[in-house]
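Close look at the chain arrangement
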Amino acid sequence: MTNGKTTPALTTAPTRRGLLRMSAGLAGSAVLMRLTSSAAWAAPSGDLQIMAWEGYDLVPELQAWRDANGVKVETTSMTSQDDVHTKFMAGNPPPFDLAEYNQAYANLYIDQLGITTPIDPVAVPNFNADNIFEQFLGKAEWERDGKLTGVPWIWGFNTSLYNAEAMAEPKSYKDFLAPELKGKIAIVDDSVTMWPVTARVAGLGAKYPNLTRDELSAAFAELAKYRDQARMIALNMGDVATALASGDVVAVLCADPAVIKMTEELGGKLKMAVPEEGVVLWVDAWFVPPSADNVETALAFINEALSPQAQADICMRLNQAPVSKQAVALMDDAARTRIDYNNLEAYFAGGLPGIPPLESEEFATYDDWISAWQEFKAGI
Amino acid sequence: MTTADSIISIANVGKKFGTYQALHGIDLEVRKGEIVTLLGPSGCGKTTLMRLIAGFEDVTSGNLRIGGKDMVGVPPEKRPINMVFQRYALFPHLDVYENVAYGLRVRRLPAAEIESKVRRMLDIVQLSQLSQRYINELSGGQCQRVALARALVNEPQVLLMDEPLAALDLKIRQTMLEEMKRIHAATGTTFIYVTHDQDEAMILSDRIVLLNKGEVVQIDEPHQMYAEPKSLFAAKFLGETNLFPVRMVAMADGSSGSVHATGAVFTGKQPQPLKEGDSALASIRPEALYFAASERHRQSFKARITDELFIGSRSFLTAQLTNGDRFRIQIQRGTACPPVSPEAQVDVFWSPEDVSIYPAALT
Amino acid sequence: MKLSARWSGWTLASPTILFMLAFFVFPSLFLLVYSFWKASSFQITPAFQFDNYVRALTDELFWRVTFNAVIIGLMSAVVCMAMALPVGYYLVFVSRSRLLEQIILVTWFSSYLVRIFAWRTLLGNDGVINTVLQSLGLIDAPIEALLYSRFAVGVTLIHLYLPYCIILVMTAFHEIRQDLIDASRDLGRSQVGAFFSVVVPNASAGLVGAFMLTLIMTMGDFVTPQMLGGTTGQTTGLLIADQFRRTGNWPLGSAQAVIMFLLVVLIFVAVIVAGRTLGFIPKRRKQRAV
């Protein structure tokens, strides 16, 4: 489900967007032709260059598959979704075969920047109604005209994380404003996570991502109180894990639960809490950029990532949730009981967050949010 | 021995760098207003001694007094001494006037006084026209004069000069030496001059302190030191001399003399004790050898003249004794002398007063 | 065929000149050109307009972080110089010890990020400093302000860039002959007086260079403030980096970068003027010593 308004391409002169889209279309049809015309697929092999969140490149989970097929994976880590699309602005498209996008950026990537190529579902057989939860099937975030633009493969929610030995379980974001927590919390520098939270602390969560400019100011004014409580604005997950493990902070306002494992590995303790304002849902999808040169292997990789065992393994490792129904049975008790997999509608009832509109008269734009976020980080 | 007009007293001074003894047992009294030269070959310790006097190093042993005051622990900036450095050490960021005025400004003299002193000093060194120049626009000789002015304008009790002419051409050196004598006469400051060049020492000094290997060899007026060197080192270092290997014998009248392999007999001064039978070296300067006998020049031997070296106002003749020993004779232009002829033997005459005999073992 | 001296000179210098042109001058010019372009919604179009400059110069955020960067940079650079001058003087004029010089260089051999993390560990709640102070009984609870604060940023920046500063200061001092100091003392100055009166004016070009280079590095460093500054952390460098990394607004980032460059030039001019007024920098260009 998308909330953002899209605007048609503005310029008439050839633009980078237009060119990219054209080449995406050409490359896409070329890929399609190759796939549908050959009776048997070419076997996956060779080098795969992917851009993924740290730990999300399935290194341990797909070890056997890689060894069996002689595939080498080279990962560039992303610390924010911006890292992906800004790479495509540089003139020379980066040589990635695969990258991830957060569902909020679907329209931007598919329609406006045109950096996704269509994927024939036939090429990813594991993506079927038997294996995949219905919440991910046939949705506009990942499908256009019968072809997949991206393959959702893992999801989760960012929420409050805290050290149970140092503080009580927070029931609401407002609990973080307690005086005894001053200077003891962390905030992550990740817009996808923090912008919905910003809206929610001001009671405007339902309106996100379409806030008026006045509402935007009000929301950030409220968030400023949390900044006063914060000791640090962490660069990335590893950064906050280090600080949690060393005791320099005792909680993080909202972050990916994968941090729990990271913190525990460093000797710290961390637990998850679900505040009443709700969690920030996200779904990551693999997509194939137009500049990919090893498409067969990329698609095979995606397929493997959807296999129930791989899904179960990575979700247990990262404390996230699988898109594969069949994976649930393969997880251990702790992981299985984290989420009520029989009742996913409840989680998805509120819809998946989008991003603020790129251009708008009425609402605060993506640029407005960026500026506000920068000012927040700078202490204004 | 401290005399009433002694300005620097150096008593048994030694200086050690780590385990290396650079100076030992230095005794020297410098009188007010005199020009004293510290002379010696490289490494003899003259620069070290000068730095001790200036205060850049402290004595390891012994006593150093300037103007009657003990200088232990007194840094250079507090000593009544100024120095002209070997490479002038002029300040590149100041012009000539400011360089000269530097020391006066440090002492915070009134502006008018600084002006008049600097102008007067620039006149003395004849650099008034160039007071606005910077040092890279000056010639070597001009730089030297600025350095001199910069030091003297402070009216120090003693002026130290560390081989100041080393970087200059020969002709300019001569001129500068005369300049310095003139300036010395004009200011009356005590000069201590350091050099390895014996010509400079002889032209300039009232007294020469000859140093070798960290010790004082001889302290004397130039004439004295030249005429009566008290050691072989002094004889060889100052001017040129011929050395004949001889053996000490008793003479017919009981006095001590020596005899050369060719049978020639040398008698003369014996600055150091010699016994009969000792090996020795008889020293006669080239200019003390003549071709004509006279009442003074009554000793002689026979020699062959093998070569002539013409140097303008004088010539050096290389000659050989019958046993092969070579020596040099210096004659003035216009003096009658036998022609160069390796075959013919001629008589060469000298006076015992011009002979010094030294023990052979020492250098 | 013998090349004239001039031609030989140019030929020998050309590889370096070409390298500098290709990898420094031209990219800098690109940056300047970019700063006049337009950007919106991840699309950059060539143009010639001053909007980016106007936007940067009227943005409270930009001035706030720039002020931060300048203050942090100046303080760190000044402390670096204050520490580098005595060390440099000692190394060059007093001890002439190669060993000491090498010990300083050794601290350079570790990577930049390693040192940042090292300071994080040292200054943190259970870091060495807090632990020692607590075990000595001097404090009851860890001092939080040691880390994620301006103090942490300053200390780390100084540690990171002090070796550069010392080496640059030493290079400047190596040009000064010892006998200039001796002459100054001979004429009545103490050792300290000789330093300010003679060494500084003659080494002024090198010393100003050392200060400015250190300042440029400390001012432009955005990783250290980000990682150790906590919520005081933002500097202009980070802002500019975000324009290139996050928002895709290269023209604005370029304009901000150009403004920072002009700011540094301004500081340089201010330093020279101050130096001339205070007498540390000779009014006339220094001549080579004879």
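As annotated in an unreviewed UniProt entry, chain C carries the name ABC transporter permease and is attributed to Fuscibacter oryzae. Heading Subcellular location (unreviewed entry) of the UniProt record for chain C holds this comment: "Cell membrane". The UniProt entry for chain C carries the following text under Sequence similarities (unreviewed entry): "Belongs to the binding-protein-dependent transport system permease family. CysTW subfamily."

In the annotation of an unreviewed UniProt entry, the entry for chain A reads Extracellular solute-binding protein, and the organism field reads Fuscibacter oryzae. Comment text from UniProt for chain A, heading Subcellular location (unreviewed entry), reads "Periplasm".

1. Focus on the pairing of strand β3 (residues 35-39) of chain B
Residues and elements named next belong to chain B. With five of five residues buried, β3 is to be regarded as a mostly interior element. With burial as the criterion, each face of β3 is covered, one bearing Ile35, Thr37 and Leu39 and the other bearing Val36 and Leu38. Bridge count for β3 against strand β8 (residues 190-195) is five bridges, and the pairing is parallel. The residue of β8 that forms the bridge with Leu39 is Thr195.

2. Examining the sheet that holds strand β10 (residues 215-220) of chain B
Residues and elements named next belong to chain B. With mixed pairing, six strands are arranged side by side in an open sheet as β6-β7-β8-β3-β9-β10. Of all strands in the sheet, those with a lone pairing partner are β6 (81-84) and β10, marking the two edges. On average, each strand axis in the sheet is tilted by 20° relative to the strand beside it, whichever way the strands run. When strand β9 (residues 207-212) meets β10, the two strands line up antiparallel, connected through five bridges. Pairing of Asn212 across the sheet is with Glu215, part of β10. Across the sheet, helix α4 (residues 140-152) is in contact with β6, β7 (158-162) and β8; its angle to β6 comes to roughly 175°.

3. Topic: the interface of chain C and chain A
Listed per partner, the contact involves 32 residues of chain C and 40 residues of chain A. Summed over both sides, the interface of chain C with chain A buries roughly 3200 Å², with 50% coming from carbon and sulfur. Three residues stand out in chain C for area buried against chain A, namely Phe42, Thr231 and Arg246 of chain C, and they jointly supply 24% of the buried area on that side. The tally of links from chain C across to chain A stands at three salt bridges. Measuring nitrogen to oxygen at the nearest pair gives 3.0 Å for the salt bridge that ties Asp242 of chain C to Lys377 of chain A. Seen at the junction of chain C and chain A, the total is seven residue pairs in polar contact (both at pLDDT 80 or more). Among the elements of the structure, β2 (43-45), α3 (60-95), α10 (223-228) and α11 (236-245) of chain C are those that each provide at least two residues to the side of chain C that touches chain A. At five residues, α11 of chain C tops the list of elements feeding residues into the side of chain C that touches chain A.

4. Points about the nonpolar core
All names here are of chain A. In this structure, Trp155 and Trp286 are the most contacted members of the largest nonpolar core, which totals 147 residues. Of the domains in this structure, domain 1 (16-155 + 283-348) and domain 2 (157-280 + 358-378) are the two that each give at least three residues to this core. In this view, Trp155 contacts Phe136, Leu281, Trp282, Val283, Gln320, Ala321, Pro322, Val323, Ile339, Leu344 and Phe348; residues no more than four positions away in its chain are not counted.

5. What to know about the packing of helix α2 (residues 96-106) of chain B against helix α3 (residues 111-124) of chain B
Residues and elements named next belong to chain B. Two numbers describe how α2 lies on α3: the axes approach to 10 Å, and their chain directions differ by 125°. The pairing of α2 with α3 is recorded here as oblique in orientation. Seen from above, α2 lies across α3 with right-handed handedness. Between α2 and α3, the residues in contact are Val96, Tyr97, Val100, Ala101, Leu104 and Arg105 and Ile114, Glu115, Lys117, Val118, Arg119 and Leu122, respectively.

6. Digging into the packing of aromatic side chains
In this structure the tally under the stated criterion is 49 aromatic pairs over all chains. Ring plane angle 80° and centroid distance 5.7 Å describe the contact between Tyr109 of chain A and Phe287 of chain A, whose orientation is recorded as edge-to-face. A residue pair is termed long-range when its members are at least 10 positions apart, and Tyr109 of chain A in helix α4 (residues 106-112) and Phe287 of chain A in strand β11 (residues 280-287) qualify at 178 residues. Relative to Phe266 of chain B, the ring of Phe244 of chain B has its centre 5.3 Å away and its plane inclined at 15°; by these criteria the two rings are stacked. Here Phe266 of chain B lies in strand β13 (residues 265-266) and Phe244 of chain B lies in strand β11 (residues 242-250), a separation of 22 residues in the sequence. Here Phe244 of chain B and Phe266 of chain B have matching classes, each one buried. Put simply, the rings of Tyr101, Tyr105, Tyr109, Trp195, Tyr208, Phe220, Phe287, Tyr366, Trp369, Trp373 and Phe376 of chain A touch in pairs and so form one group of aromatic residues. Taking NZ or CZ as reference, Arg285 of chain B lies 3.9 Å from the ring centre of Tyr226 of chain B, over its face. One residue, Arg328 of chain B, lies across the ring of Phe316 of chain B, its end atom 4.0 Å from the ring centre.

7. Observations concerning the domain arrangement of chain A
All names here are of chain A. Domain parsing of chain A yields domain 1 (16-155 + 283-348) and domain 2 (157-280 + 358-378). Relative placement of domain 1 and domain 2: their C-alpha centres are 27 Å apart. When domain 1 packs against domain 2, the two sides together hide about 1400 Å² of surface, and 55% of this comes from carbon and sulfur. Here domain 1 and domain 2 share zero salt bridges between them. Where domain 1 touches domain 2, the interface holds six residue pairs in polar contact (both at pLDDT 80 or more). Elements supplying a minimum of two residues to the side of domain 1 that touches domain 2: α3 (82-87), α4 and α10 (308-318). A total of three residues in the side of domain 1 that touches domain 2 trace back to one element, the largest contributor, which is α10. Residues that form the side of domain 1 that touches domain 2 fall into these classes: eight nonpolar, eight polar and four charged.

8. Topic: the interface of chain B and chain C
On the side of chain C, 23 residues touch chain B, which itself brings 25 residues to the contact. For the chain B and chain C pair, buried surface summed over both sides reaches about 2300 Å², with 60% attributable to carbon and sulfur atoms. Considering only the side of chain B, the residues that lose the most area to chain C are Glu77, Pro92 and His93 of chain B, jointly responsible for 27% of the buried surface there. Across the pair Asp182 of chain C and Arg51 of chain B runs a salt bridge whose closest N-O atoms are separated by 3.7 Å. At the surface where chain B touches chain C, the tally comes to eight residue pairs in polar contact (both at pLDDT 80 or more). When contributions to the side of chain B that touches chain C are tallied by element, the ones reaching two or more residues are β6, α2 and α4 of chain B. Here the residues of the side of chain B that touches chain C sort into 15 nonpolar, five polar and five charged.

Rules behind the numbers
- Residues numbered from 1 in each chain as written.
- Chains lettered and ligands numbered in written order.
- Predicted model: local features only at pLDDT ≥ 70, side-chain atom pairs only at ≥ 80, totals over all residues.
- Heavy atoms only, no water.
- UniProt positions renumbered as here; feature names shortened; annotations may be inferred.
- Buried < 20%, exposed > 50% of the residue type's maximum accessible area, 1.4 Å probe, protein only.
- Helix = DSSP H or I, 4+ residues; strand = E, 2+ residues; numbered from the N terminus.
- Pairing = 2+ DSSP bridges.
- Axes fitted to C-alpha atoms, helices over the stretch in contact; angles between N-to-C directions.
- Contact = heavy atoms within 4.5 Å.
- Buried area = accessible area lost by both parts, 1.4 Å probe.
- Salt bridge = Lys/Arg side-chain N within 4 Å of Asp/Glu carboxyl O.
- Polar contact = N/O pair within 3.5 Å; in protein donor to acceptor, adjacent residues only side chain to side chain.
- Core = buried A, V, L, I, M, F, W, Y, C linked by side-chain atoms within 4.5 Å.
- Domains from an automatic or database assignment.
- Parallel < 35°, antiparallel > 145°, perpendicular 65-115°, else oblique.
- Left-handed = near helix turned anticlockwise from the far one by under 90°.
- Phe/Tyr/Trp six-rings, centres within 6.5 Å; stacked < 30°, edge-to-face > 60°.
- Lys NZ or Arg CZ within 6 Å of the ring centre and 35° of its normal.
- Nonpolar A, V, L, I, M, F, W, Y, C, P; charged D, E, K, R; others polar.

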